[in-house]
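Residues per chain are reported as follows:
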Number of protein chains: 2
Amino acid sequence: MSWVQGAAESNYGIHHLPYGVFSTKNDPTPRIGVRIADQILDLRMIVAAGTCSGCDTCSALSATTLNPFMALGRDAWTQVRGQITEALTNNEMRTAVSQGLVPVNEAIMHLPFTPADYVDFYASEHHATNLGRILRPNSEPLLPNWRHLPVGYHGRAGTIIPSGTDVVRPCGQRKSADGEIVFGPSVRLDIEAEVGFVVGAPSRLGKPVTPDDFAEHVFGVVLVNDWSARDIQGWEYQPLGPFLGKSFATSIGTWVTPLDALAAARAEAPEQDPVVLPYLKESDRFGYELSLSVSLNGTEVARPPFAQMYWTPAQQLAHMTVNGASARTGDLYASGTVSGPNREDCGSLMELTWAGSQPLALSDGSTRAFLEDNDTVTISATAPGPRGSVIGLGEVTGTVTPAIG
Amino acid sequence: MSWVQGAAESNYGIHHLPYGVFSTKNDPTPRIGVRIADQILDLRMIVAAGTCSGCDTCSALSATTLNPFMALGRDAWTQVRGQITEALTNNEMRTAVSQGLVPVNEAIMHLPFTPADYVDFYASEHHATNLGRILRPNSEPLLPNWRHLPVGYHGRAGTIIPSGTDVVRPCGQRKSADGEIVFGPSVRLDIEAEVGFVVGAPSRLGKPVTPDDFAEHVFGVVLVNDWSARDIQGWEYQPLGPFLGKSFATSIGTWVTPLDALAAARAEAPEQDPVVLPYLKESDRFGYELSLSVSLNGTEVARPPFAQMYWTPAQQLAHMTVNGASARTGDLYASGTVSGPNREDCGSLMELTWAGSQPLALSDGSTRAFLEDNDTVTISATAPGPRGSVIGLGEVTGTVTPAIG
């Protein structure tokens, strides 16, 4: 039990303790904090108040981004999580530690880490099948490689933005209905509700990471909205994949949930057929029971279930490095759109409205095929925590602003 | 005329002055240097010997990577280039400046800049046509979008390696000739001879860069070998593009040639049909007359001509940012394989051997369809400099080592 008020009833309770980077009006230097209930424990302040004269861990926790701490590896993560848990539960430490608490509503949240490479997978069988049906209606929806490897591609790391940042509607080329090539603001702006995994401990160039080493490298989890301009993407993507249809913005949650906080959320992952190649085999195969919720202007429009993803994050990391590619501290790899078997489980408007043909009804009486200017999309997720508690992942939200120029 | 011995006859003469980052056995701290003939001018040492008490430029030139200097923008680049030219031509400065010269053969070269995002284009009409003919023999070789936009995709920035670094043969999934899915070392390891452009001054999220602003943002040029495992790529790349077939390694030259050094190499770029959309229109359309040379174990196997690229680097930058994506200091975007109209002008083995069906003869009597272990590939390039001089871009070389495991 934490002595912090409200922690017991909060989705940011003592079993969660996600990391973020924040500043305040009075102190604009970004610093690392840990969220508990409606408070943020300022780790820079806690370190400064302590007696450490500058060990690696205390230096890393005094940085302006999570990268140095994430780079230290699992032993350091476990140790610090233990110390923070102790500080927030031991009543004798209450007076001292309370000095380091900052109310969430006074904090300005920043990107929690500096992204290195960004990879986006395509790991939901339901999503890949739906898109196959929509885009290639007269052929097998899943391409021949899909069940053999987790299909993925590199996205733009430099346009990863923190939750709350507006998203300017992108302009670009598209092919109009009558076959003309036109330029202008995207008219099929979409979302992709995804779960992202953040690499902490790097791997070495030339040395693949096995699925069983997943937890040695992955620090934590963030929610991701991989905004997508379907019209731009549809015209550009052959033969080298999505580019400008995606690269204008990728929003991530500002709270990184440590992998350890999701121990109780581990869940069986779907059986795979055909049997995967040995490098993708897990001795303990698991996914995570995360229940996502997507809301558009306050109306919940989808509840995508993450546990049903065909390819697990451990397999994704193994695949991404099997060719010898190294993983770096700050690498973000996302699951791809999370979609379940039913229409209302789907994490993109493309699926929810079946390419715009069946608009969604919102609670204000309006309908949406794709996103309109000033629309706000919020993705949240919960996971089971220990002893019946609930972990609420940091939500990712963004509002579409009109195209420029 | 430079007072440095050999400068007049060197491809690293006074009109070139490329930037790199080096260390020495005696001083392992990486530092910025400028190459002239067979010497490197150690800028950290020059700054330390001067009287500046720490202006932005001198601080940037004392860094361990070019990024801070590149971020300062064109005015700083022009000023420093002028000062270095003065230091290396003014005989009165010879004694003092000579103290800062380090022989090239004592230097260990590093990555000259920390890569931010890496984008690879597909800008050669001959290359795209050749690959279309090889991969889709029964249809139009160029896809419908190719003449409307510079097709490109994001690559892995974390596996960009400096020239001279060995390349471990990647392992991965491929589809064998009899349709079986197998795992193992790539059997179709290839090269792609490319020219890379390095972004110095960043652009703002939401604000596209026009083609005419190219030189305000791009700091310089490096040669690139975008190693490619054709068998891995062929099986994985639908529908999201190349991933592991490319991400194991991208080698770049360790000397960044400033854009200013290529002023005399500006050349007319091919006329475009159809007329491009306004955002891709250049008021002064130009490419660069760079003559590439590709050698395999010492035998020159190709001479790709860069001037014939259909999409110019200015158009590529404009396209990459037209959706509002920002460009960051350290972004590298490469041209894609440089290929000319004739077989011997092509920058990949895929084309030179027509997918392996017509192996190359090397001077040692052996033949090559694709790369074998211990093969060394070197890409170099020359460009016309002012007054009949020749600029030689920093070569990019690498040796293939056997797959691990």
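No experiment lies behind these values; they were computed from the predicted model shown.

Conventions we followed
Residues numbered from 1 in each chain as written. Chains lettered and ligands numbered in written order. Predicted model: local features only at pLDDT ≥ 70, side-chain atom pairs only at ≥ 80, totals over all residues. Heavy atoms only, no water. Helix = DSSP H or I, 4+ residues; strand = E, 2+ residues; numbered from the N terminus. Contact = heavy atoms within 4.5 Å. Buried area = accessible area lost by both parts, 1.4 Å probe. Salt bridge = Lys/Arg side-chain N within 4 Å of Asp/Glu carboxyl O. Polar contact = N/O pair within 3.5 Å; in protein donor to acceptor, adjacent residues only side chain to side chain. Least-squares fit on C-alpha atoms with pLDDT ≥ 70 in both. Buried < 20%, exposed > 50% of the residue type's maximum accessible area, 1.4 Å probe, protein only. Pairing = 2+ DSSP bridges. Phe/Tyr/Trp six-rings, centres within 6.5 Å; stacked < 30°, edge-to-face > 60°. Lys NZ or Arg CZ within 6 Å of the ring centre and 35° of its normal.

Caption draft 1: Just the environment of Val218(A), in detail. All names here are of chain A. Topologically, valine 218 is positioned in strand 14 (residues 218–225). As for valine 218 and glycine 330, which are separated by 112 residues in sequence, their C-alpha atoms are 9.7 Å apart. The contacts of valine 218, once residues within four sequence positions are left out, are Arg74, Trp77, Phe197, Val198, Val199, Gly200, Leu259, Leu317 and Tyr333.

Caption draft 2: Expanded view of the interface of chain B and chain A. Contact with chain B, which involves 53 residues of that partner, is made by 53 residues of chain A. In total, chain B and chain A occlude about 5,200 Å² of area from one another, counting both sides; carbon and sulfur atoms represent 63% of this. In this structure, the connection of chain B to chain A is made through 2 salt bridges. When the shortest N-O distance is used, the salt bridge between Arg156(A) and Asp331(B) registers 2.9 Å. Summed over the shared surface of chain B and chain A, the result is 24 residue pairs in polar contact (both at pLDDT 80 or more). Mapped onto the side of chain B that touches chain A, the elements with two or more residues apiece are strand 6 (118–121), strand 7 (152–155), strand 10 (171–175), strand 11 (181–185), helix 8 (230–236), helix 9 (244–247) and helix 10 (313–321) of chain B. The leading source of residues in the side of chain B that touches chain A is strand 7 of chain B, at 4 residues.

Caption draft 3: View of the relation of the copies chain B and chain A. In screw terms, the move from chain B to chain A is a rotation of 180 degrees and a rise of 0.0 Å along the axis, fitting with an RMSD of 0.0 Å. Such a combination of rotation and displacement between the chain copies is what one expects of a two-fold axis. Ranked by how close their C-alpha atoms come to the rotation axis, the residues of chain B are headed by Gly241(B), at 2.0 Å. Same-surface contact between copies: 100% of interface residues of chain B are shared with the interface of chain A.

Caption draft 4: Main features of unusual backbone geometry. Cis rather than trans, the peptide bond between Gln238(B) and Pro239(B) has omega equal to 0 degrees. Following the sequence through the fold, Pro239(B) ends up in the loop between helix 8 and helix 9. With an omega dihedral of 5 degrees, the bond running from Asp273(B) to Pro274(B) counts as a cis peptide bond. For Pro274(B), the position within the fold is in the loop between strand 18 (266–267) and strand 19 (287–288). Positioned with a positive phi, Trp354(A) is a non-glycine residue whose angle comes to about 45 degrees. One can find Trp354(A) in the loop between helix 11 (349–352) and strand 23 (360–361). Of the residues examined, Trp354(A) reaches a relative accessible area of 25% and is grouped as partly exposed.

Caption draft 5: Spotlight on the sheet that holds strand 20 (residues 291–296) of chain A. Residue and element names in this part refer to chain A. Strand order in the open sheet formed by 5 strands is 9-26-25-20-21, with mixed pairing between adjacent strands. At either margin of the open sheet sits one strand with a lone partner, and together these are strand 9 (167–168) and strand 21 (299–302). As judged from the 8 bridges shared by strand 25 (residues 376–384) and strand 26 (residues 390–401), these two strands associate in the antiparallel manner. Residue pairing for strand 26: alanine 383 is matched across the bridge by isoleucine 391.

Caption draft 6: Highlighting the packing of aromatic side chains. Taken as a whole and judged by the stated rule, the model has 30 aromatic pairs over all chains. Three or more aromatic residues joined by ring pairs make a cluster, and in this case those are Phe121(A), Phe197(A), Phe214(A), Phe286(A), Tyr288(A), Phe306(A), Tyr333(A) and Phe243(B). Taking NZ or CZ as reference, Arg35(A) lies 3.7 Å from the ring centre of Tyr12(A), over its face.

Caption draft 7: Representation of helix 6 (residues 125–135) of chain B in the model. Residues and elements named next belong to chain B. The set of residues buried in helix 6 consists of His127, Ala128, Thr129, Asn130, Leu131, Gly132 and Ile134. Contact partners of the buried residues in helix 6: helix 11 (349–352). Its side-chain oxygen placed 3.3 Å from the backbone nitrogen of histidine 126, serine 124 serves as the N-cap of helix 6.

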